[in-house]
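Remarks on the overall topology
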Amino acid sequence: MKTPELQQIQKMLQEQGYIGDDTIAMSIFLAMKLEKPLLIEGPAGVGKTEISKVMAKALDTDLIRLQCYEGLDSTHALYEWNYQHQLLYLKMQEQRVQDLKALEETIFSDKFLLKRPVLQAITHPKNAVLLIDEVDRADEEFESFLLEVLSDWQVSIPEIGTIKATSKPQIILTGNRTRELSEALRRRCLYLWIDYPSFEKELAIVQTRVPEVDIKLGREICAFMKELRQMKLEKTPGISETIDWARALASLHLTHLDKQLVEDTLGVVLKDWQDLRHTQDALSELLDKTGVTSRIG
Amino acid sequence: MQPNPIEIQTTLSGNIVLLCRFLRGKGFPVGASEESDALLALTHLPIGNERYFQKALKAVLTKNQYQQSLFDELYLEFWKQLSKAGDSKIKQVQEPKNQQSGRREKEARFESLKDWLNLNPTEEEKQVASFSDIEVLAKKDFVDLSKEEMQLMMRLLQKMARRMAHQKSRLKKYSKKHRQLDLRRTMRCNMRHGGELQHFVFSQQKEKKLKLVLLCDVSRSMDLYSRFFVHLIYAFQNAYDKIETFVFSTALHRVSELLDNNEFEKAFDMISDRVPQWSGGTTIGSCLYDFTNEYGYGMLDKKTLVLILSDGWDTGAPEVLKEAMQAIYKKSKKVFWLNPLAGSPDFSPDALGMKTALPYIDVLASAHNLESLKQVLYQFRQKRKLRNTSLV
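Residues numbered from 1 in each chain as written. Chains lettered and ligands numbered in written order. Predicted model: local features only at pLDDT ≥ 70, side-chain atom pairs only at ≥ 80, totals over all residues.

Taking an unreviewed UniProt entry as the reference, chain A is identified by name as MoxR family ATPase belonging to Pelagihabitans pacificus.

Let us now look at the overall build of chain B. Along the backbone of chain B there are 16 helices and 10 strands. A burial count over chain B gives 31% of its 392 residues as buried. In chain B, the proportion of contacts linking residues at least 24 apart, taken out of those at least 6 apart, comes to 71%. (Helix = DSSP H or I, 4+ residues; strand = E, 2+ residues; numbered from the N terminus. Buried ≥ 20, exposed ≤ 12 C-beta atoms within 10 Å, placed from the backbone. Contact = placed C-beta atoms within 7 Å.)

A count of helices and strands for chain A gives 15 helices and nine strands. Buried positions account for 35% of the 297 residues belonging to chain A.

Excluding glycine, a negative phi dihedral is what most residues carry, and trans is how most peptide bonds are arranged. All names here are of chain A. With a phi angle near 55 degrees, Trp 153 is a residue other than glycine that sits in the positive phi range. In this model, His 253 sits at a positive phi of 55 degrees, which is unusual for a non-glycine residue. If you trace the backbone, His 253 turns up in the loop between helix H12 (239–251) and helix H13 (259–265).

So, about the sheet that holds strand E1 (residues 38–41) of chain A. Residues and elements named next belong to chain A. With parallel pairing, the five strands of this open sheet are ordered in space as E2-E5-E8-E1-E9. Strands at the two margins of the open sheet, each flanked by one partner only, are strand E2 (63–67) and strand E9 (190–193). This sheet shows a mean twist of 20 degrees between the axes of neighbouring strands, independent of strand direction. Judged from the four bridges that link them, strand E5 (residues 129–133) and strand E8 (residues 170–175) form a sheet pairing that is parallel. What sits directly across from Ile 132, in E8, is Leu 173. Across the sheet, helix H3 (residues 48–58) lies against E1, E2, E5 and E8, angled at about 170 degrees from E5, the strand it touches most. (Pairing = 2+ DSSP bridges. Axes fitted to C-alpha atoms, helices over the stretch in contact; angles between N-to-C directions.)

All names here are of chain A. When helix H10 (residues 199–209) is considered as a whole, its buried residues turn out to be Glu 202, Leu 203, Ile 205 and Val 206. Across the axial projection of H10, the buried residues extend over an arc of 160 degrees, all falling on one side. Looking at the buried side of H10, the elements it contacts are helix H11 (215–230) and H12. (Arc of directions from axis to C-beta.)

With that settled, consider the pairing of E1 of chain A. Residue and element names in this part refer to chain A. With burial as the criterion, each face of E1 is covered, one bearing Leu 38 and Ile 40 and the other bearing Leu 39 and Glu 41. In this structure, E1 lies alongside E8, joined through four bridges in parallel fashion. The partner of Leu 38 across the bridge, within E8, is Ile 172. Examined bridge by bridge, E1 and E9 share four bridges and lie parallel to one another. Residue pairing for E9: Glu 41 is matched across the bridge by Trp 193.

It is worth spelling out the pairing of strand E6 (residues 154–157) of chain A at this point. Residues and elements named next belong to chain A. Bridge count for E6 against strand E7 (residues 161–164) is four bridges, and the pairing is antiparallel. Counted as the bridge partner of Val 155 is Ile 163 from E7. Hairpin connection, E6 to E7: the antiparallel pair is bridged by three residues.

What follows deals with the environment of Lys 322 of chain B. Considering the arrangement of structural elements, one finds Lys 322 of chain B in helix H14 (residues 318–331). The spatial distance from the C-alpha of Lys 322 of chain B to the C-alpha of Ala 357 of chain B is 6.0 Å, given a sequence separation of 35 residues.

This brings us to the interface of chain A and chain B. It is common to give the size of an interface as the accessible area that goes away when the parts come together. Taken together, the 33 residues of chain A in the interface contact 28 residues of chain B. When residues of the side of chain A that touches chain B are traced back to their parent elements, those giving at least two are helix H2 (22–33), helix H5 (83–93), helix H9 (183–188) and E9 of chain A. Among the elements that line the side of chain A that touches chain B, the one with the most residues is H2 of chain A, at six residues. Grouping the amino acids of the side of chain A that touches chain B by side-chain chemistry returns 12 nonpolar, five polar and 16 charged. (Nonpolar A, V, L, I, M, F, W, Y, C, P; charged D, E, K, R; others polar.)

What follows is about the nonpolar core. One finds Val 118, Leu 130 and Leu 190 of chain A to be the most contacted residues of the largest nonpolar core, which totals 86 residues. Sort the elements by how many residues they give to this core and H2 of chain A lands first, with eight residues. Not counting the four nearest positions on each side in its chain, Leu 190 of chain A is found in contact with Ser 27, Leu 30, Ala 31, Lys 36, Leu 38 and Leu 39 of chain A together with Ala 59 and Val 60 of chain B. Judged by nonpolar contacts, the second largest core, of 54 residues, contains Val 218, Val 247, Leu 341 and Leu 364 of chain B. (Core = buried A, V, L, I, M, F, W, Y, C linked by C-beta atoms within 7 Å.)

Residue and element names in this part refer to chain A. At a minimum axis separation of 11 Å, H11 and H12 run at an interaxial angle of 145 degrees. Classified by chirality, the crossing of H12 by H11 is right-handed. Residue-level contacts link Leu 217, Gly 218, Ile 221, Cys 222 and Met 225 of H11 to Thr 242, Trp 245, Ala 246 and Leu 249 of H12. Its residues placed into classes, the contact of H11 with H12 shows seven nonpolar, two polar and no charged. (Left-handed = near helix turned anticlockwise from the far one by under 90°.)

Examined against the element boundaries, Trp 245 of chain A turns out to sit in helix H12. Distance in space between the C-alpha atoms of Trp 245 of chain A and Val 210 of chain A is 9.9 Å, their sequence separation being 35 residues.

Bringing the environment of Trp 79 of chain B into the picture now. Looking at the secondary structure, you find Trp 79 of chain B in helix H4 (residues 65–87). Placed 64 residues apart in sequence, Trp 79 of chain B and Asn 15 of chain B show a C-alpha to C-alpha distance of 9.2 Å.

Residue and element names in this part refer to chain B. Packing of helix H1 (residues 12–25) against helix H2 (residues 32–43) brings their axes to within 10 Å, and their N-to-C directions diverge by 140 degrees. Between H1 and H2, the interaxial angle falls into the category oblique. When you trace H1 past H2, the crossing you get is right-handed. The segment H1 lies against H2, with Ser 13, Ile 16, Val 17 and Cys 20 engaging Glu 34, Glu 35, Ala 38 and Leu 39. Class assignment for the residues of the contact of H1 with H2 results in five nonpolar, one polar and two charged. (Parallel < 35°, antiparallel > 145°, perpendicular 65-115°, else oblique.)

Structure (structure tokens):
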């Protein structure tokens, strides 16, 4: 498959409604060109996962997603044998006299193999996009499983041998930095750090994703979010929260922020009880900084 | 290590290789594969755009956020040096090494410390001087222990630590004992019976060791306890996956390596040599803040216990301490604050530092005698209870 050029990627991101800067486009471009996995880190809700969705859409291929969690092991990520089928098959074959070796070969064949996301991705007919989400949540041992796939594009299954990739998937790994990823994993990937967006970028995102929102309201929302992120919060809201909020306010057909309104809808943005309380205490000050004057009536 | 002199190169690829070397010198993990990636990346770029050039190299040569933040500046510096190198050979300024070689006589070796302590017997010690069984030992303050008691104590503690240091992880591994069926191996094993299930194979949970981070206050008020405690933890260090040790008073010092590579006493002497403020005043807040900034990301995770050994007498600003404690609390499995003063019955966390830190402490313990220490070790294995400091 032919990989798109840099300008095409920038255009592609834009068409899919993803407002990214040159750094993001460059990383995606190089990841495709060099056929390397892309490791994306950054705070929650800045669009790390979104990149893979956009890529899959733009390349017109499937997105295969592997959500990581503590205790995730190879049987859930790579492959597993279908034991029920194996047992049933053996029962069926019981009456016939058969060569044991041939029997073994049959039940440890492709037919009885359950493909988990990683194996699915490398045997996919089209170059799929494989999203390994929140890789830092999985145990360190899991990283070692991944290494073989990431660098050699193959999975070793003791009973069959090595399955080589029929098509190289585009791999995206995301992480929230809950723990340090191993140096070995990092070195096999290209690295991209996405931070909270600037005011202009966020405004552009809001306008693209929620076109029905009033321009002035959009400005106020973004300015408020910017100030809000300056506060020391347990869970700093990301772009997804901004979009949710803009959508909520737009659906109420509002054109301006005011204190009462912010107080009533703050739950869309903040998901922690203490954060809510602190913000409510500092609301007047926050709104002043945002430039929202409270109106009477 | 002699820095690589930068000479002017006529070819672009030559300069890229030089840049890689330059970055390697600055601690970037740039190996041959990164070099080839960088060269390969450039072949794909549209020609003549300096900005793309830099961005592409940044994407290929950096591997974490910290490196990304440094890259742009280093990149500029490199080209500046490179153009200078055209005129004359540049001399790289070697960073002044801060090595104080004059070995001071140390006043506080561990043994002499014990002797000194034993010269000042307390009431309690007089009481129990004649017999020393475990019961009594368990309630005795560590600073009141004699040499023999100390050895006995260490043996007891080692036993305890070994028992407690093993924890279950959620990954499974093959075993004969436990009742979790390993289907894959069961199938394999029963192949020879034509698929009739006759034998079962079970898997067992894999053991997971804990990681510890010790932050020891070595200001004057805490020196004795800190020495003792670090000694103690290192006495059974093989029970843990990893122990990182820091000492602080007005500044933070990482001493893990010293303790790993030397005999304990020698190590501590070397530490007191290196730490100029040894046994001076304390700024707990700024020291802990430095820790979270410099090491927090790499060392703290949900498997790591943080033990802070201090009396909470902070001379710095409470906001800094609060912020640091918040960060540590959030990123670690559990936070222990060991305050020997807490051993006295009329203790209340009055010191301002103590008060500030309290909401972010899981267990506040005195750890001044065996019984209390046992409680602490027991707590190592317990899950975090939310927003509730328990006093043991």
